[in-house]
Structure formats: C-alpha cells, structure tokens
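Fold and contact review
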Amino acid sequence: TMIFCYVSYGVILTLMPDLSDKLGVPNRGICFTIFTLASITTRFFAGRVSDELGRIPVLKASALMMAVAMGVFASAHSAGMLYLAAVLFGLGNGVFSPAINAWTIDLGNPIRKGRALATMFIALEIAIGGGALLAGWYFANDFDRMPHVFWFAAMMSLGGWVYLTLL
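Now for a description of the structure that goes with this document. All of these numbers come straight from a predicted model, not from anything done at the bench.

**What about the packing of aromatic side chains?**
- Scanning the model with the defined rule gives eight aromatic pairs in all.
- Ring centres of Tyr-6 and Tyr-9 lie 5.5 Å apart, and the angle between their planes is 5 degrees; this geometry places the pair in the stacked category. Linking Tyr-6 with Tyr-9, this pair stays in helix H1 (residues 2-22), spanning three residues, or about one helical turn.
- Among the residues examined, Tyr-6 registers a relative accessible area of 5% and is labelled buried.
- With a centroid separation of 5.3 Å and 15 degrees between ring planes, the pair formed by Phe-73 and Phe-150 is classed as stacked. Taken as a pair, Phe-73 in helix H3 (residues 55-75) and Phe-150 in helix H6 (residues 146-166) lie far apart in primary sequence, 77 residues in all.
- For Phe-73, a relative accessible area of 2% gives the class buried.
- Note on Phe-150: relative accessible area 0%, which makes it buried.

**Focus on the packing of helix H2 (residues 29-53) against helix H4 (residues 79-107)**
- Where H2 meets H4, the closest approach of the two axes is 6 Å, and the angle between their N-to-C directions is 35 degrees. Considering only the axes of H2 and H4, their crossing is right-handed.
- Along the lines of polarity and charge, the residues of the contact of H2 with H4 split into 15 nonpolar, eight polar and one charged.

**Considering the nonpolar core**
- Within the largest apolar cluster, 48 residues are counted, with the highest numbers of intra-cluster contacts made by Phe-73 and Phe-150.
- Breaking this core down by element, the ones donating at least two residues are H1, H2, H3, H4, helix H5 (113-139) and H6.
- Examining the composition of this core, we find that 10 residues originate from one element, H4, more than from any other.

**Points about the pattern of salt bridges**
- Inspection of every chain in the model, using the stated rule, returns four salt bridges.
- The salt bridge partner of Asp-106 is Arg-55, with a shortest N-O separation of 2.7 Å. Pair noted here: Asp-106 is in helix H4 and Arg-55 is in helix H3, with a separation of 51 residues, a long-range link.
- The salt bridge involving Asp-142 is made with Arg-145; its shortest N-O contact spans 3.9 Å.

**Considering the packing of H1 against H6**
- Between H1 and H6, the least distance of the axes is 8 Å, while the angle of their chain directions is 160 degrees. As judged from the angle between their axes, H1 and H6 are roughly antiparallel. As for the relative orientation of H1 and H6, their crossing is left-handed in sense. For the pair formed by H1 and H6, the contact residues are Ile-3, Phe-4, Cys-5, Val-7, Ser-8, Val-11, Ile-12, Leu-15, Asp-18 and Leu-19 on the first element and Met-146, Val-149, Phe-150, Phe-152, Ala-153, Met-156, Ser-157, Gly-159, Gly-160 and Tyr-163 on the second.

**Some points on the layout of surface pockets**
- Space inside the largest pocket adds up to approximately 160 Å³.
- Mapped by element, the contributors of at least two residues to the lining of the largest pocket are H1, H4 and H5.
- Taken together, the residues of the lining of the largest pocket sort by class into eight nonpolar, three polar and no charged.

**Observations regarding a nonpolar patch on the surface**
- On the surface, Ile-3, Ile-122 and Ile-126 cluster together to form a nonpolar patch covering roughly 280 Å² of accessible area.
- In this structure, Ile-3 sits in helix H1.

**Here's the deal with H6**
- A rise of 1.5 Å per residue sets the reference length of H6, with its 21 residues, at 30 Å; its end C-alpha atoms lie 31 Å apart and thus fit the reference within 8%.
- Residues of H6 that are buried sit in contact with H1, H3, H4 and H5.

**A word on H1**
- Given a rise of 1.5 Å per residue, 21 residues ought to cover 30 Å, and the 30 Å separating the end C-alpha atoms of H1 matches this to within 8%.
- Looking one or two residues past H1, Gly-24 carries a phi angle of roughly 75 degrees, positive in sign.

Analysis parameters
Residues numbered from 1 in each chain as written. Predicted model: local features only at pLDDT ≥ 70, side-chain atom pairs only at ≥ 80, totals over all residues. Heavy atoms only, no water. Phe/Tyr/Trp six-rings, centres within 6.5 Å; stacked < 30°, edge-to-face > 60°. Helix = DSSP H or I, 4+ residues; strand = E, 2+ residues; numbered from the N terminus. Buried < 20%, exposed > 50% of the residue type's maximum accessible area, 1.4 Å probe, protein only. Axes fitted to C-alpha atoms, helices over the stretch in contact; angles between N-to-C directions. Left-handed = near helix turned anticlockwise from the far one by under 90°. Nonpolar A, V, L, I, M, F, W, Y, C, P; charged D, E, K, R; others polar. Core = buried A, V, L, I, M, F, W, Y, C linked by side-chain atoms within 4.5 Å. Salt bridge = Lys/Arg side-chain N within 4 Å of Asp/Glu carboxyl O. Parallel < 35°, antiparallel > 145°, perpendicular 65-115°, else oblique. Contact = heavy atoms within 4.5 Å. 1 Å grid on protein atoms, 1.4 Å probe; cavity = no way out; pocket = protein on both sides within 12 Å on 5 of 7 lines; lining within 4 Å. Points joined across faces, edges and corners; volume = space filled by probe spheres on them. Patch = residues over 30% accessible without salt bridge, like charges linked within 9 Å, V, L, I, M, F, W, Y side chains within 5 Å. Areas by Shrake-Rupley, 256 points an atom, 1.4 Å probe, with all protein chains shown as cover. Expected span 1.5 Å × (residues − 1).

Nothing here speaks to function; it is geometry throughout.
Here's what the structure looks like:
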C-alpha cells in the first residue's frame with residue numbers, strides 16, 4: 001500500500017517545481033507550502049478518524065484523494081488548479097500517513113513493532129525514490145510528457161485502493 005500510494009510523492013518532489021514554472025507561479029515554494037499546510041492540518045484529526053472508522057476505509061479514501069490530486073496536477077493549466085492539486089494531495093497525504101503507521105503497528109508482531117515500522121519506512125523510501133527517478137527519467141524536460149507522469153502516479157494510487165479493496 002505504501003509503495004503504490006507514495007510513488008506520487010516522489011513525482012511531486014520532482015515535477016512540481018517545473019510545473020510551477022510552466023504555469024508562471026512566481027515562487028516554487030508556494031505549492032510546497034500549501035501542500036505541507038494541508039497535510040499538517042489534516043494530521044491533527046486523521047489518526048482519531050482511522051481509530052474510529054478503521055484503517056482500511058481511511059487508507060482507501062486517502063488513496064483515492066491522492067489519485068484525484070494527481071489527475072488535477074496532470075490537467076493543471078493555471079496556478080489555481082496547481083494550488084487545488086497541492087491542497088488535495090496534502091489532505092490525502094495527511095490522512096494516509098498516520099493511518100498507514102497505525103495499521104503497520106496493528107499488523108506487526110507485538111515484540112517486533114520496530115521491525116514492522118522499519119520495513120514500512122523502507123517501502124516509503126523505495127516509493128519516493130522510485131517515483132522521483134521514473135518521473136525525472138520519463139519527463140526529461142519535455143513538458144508534453146509531464147501529464148503522463150502524473151497520470152501514472154494517479155494509477156499507482158488507484159492500485160493502492162484496489163489492493164486495499166481486495167483485502
């Protein structure tokens with residue numbers, strides 16, 4: 001689930017600066033700030049929501065939100081759409097992170113919870129690094145290719161949703 005959903009994080013880190021430039025956003029950091037504020041804001045209640053509603057339903061909702069955000073990034077033709085995508089991705093990410101951490105602890109062997117979390121974080125690094133690597137390689141400064149990378153990331157997040165649905 002982590003690998004499916006966090007490929008998009010690597011794509012964001014790699015392509016959002018170029019997309020900001022393409023859309024004429026004067027400060028590349030604005031999108032990252034919007035994304036971060038949305039993510040932080042969501043985390044204040046996301047853990048409690050996953051405790052009450054269950055890990056899988058919350059993870060499924062966040063995977064869908066991240067997929068929608070990737071679609072908005074792929075379709076962005078204005079700074080407003082870019083900001084909307086950053087908010088959606090931040091919200092999805094802010095819900096996903098505490099839920100996946102809690103789910104990992106829930107599923108982990110009680111005497112090996114550290115190992116379970118370490119494995120989850122290895123998946124996080126693989127996903128972010130792999131998403132960034134693939135995004136940079138395929139994009140290769142060709143703006144006509146950029147939407148394809150975001151759509152790929154959307155499909156990966158949907159893959160996470162499918163996996164969670166099949167559990």
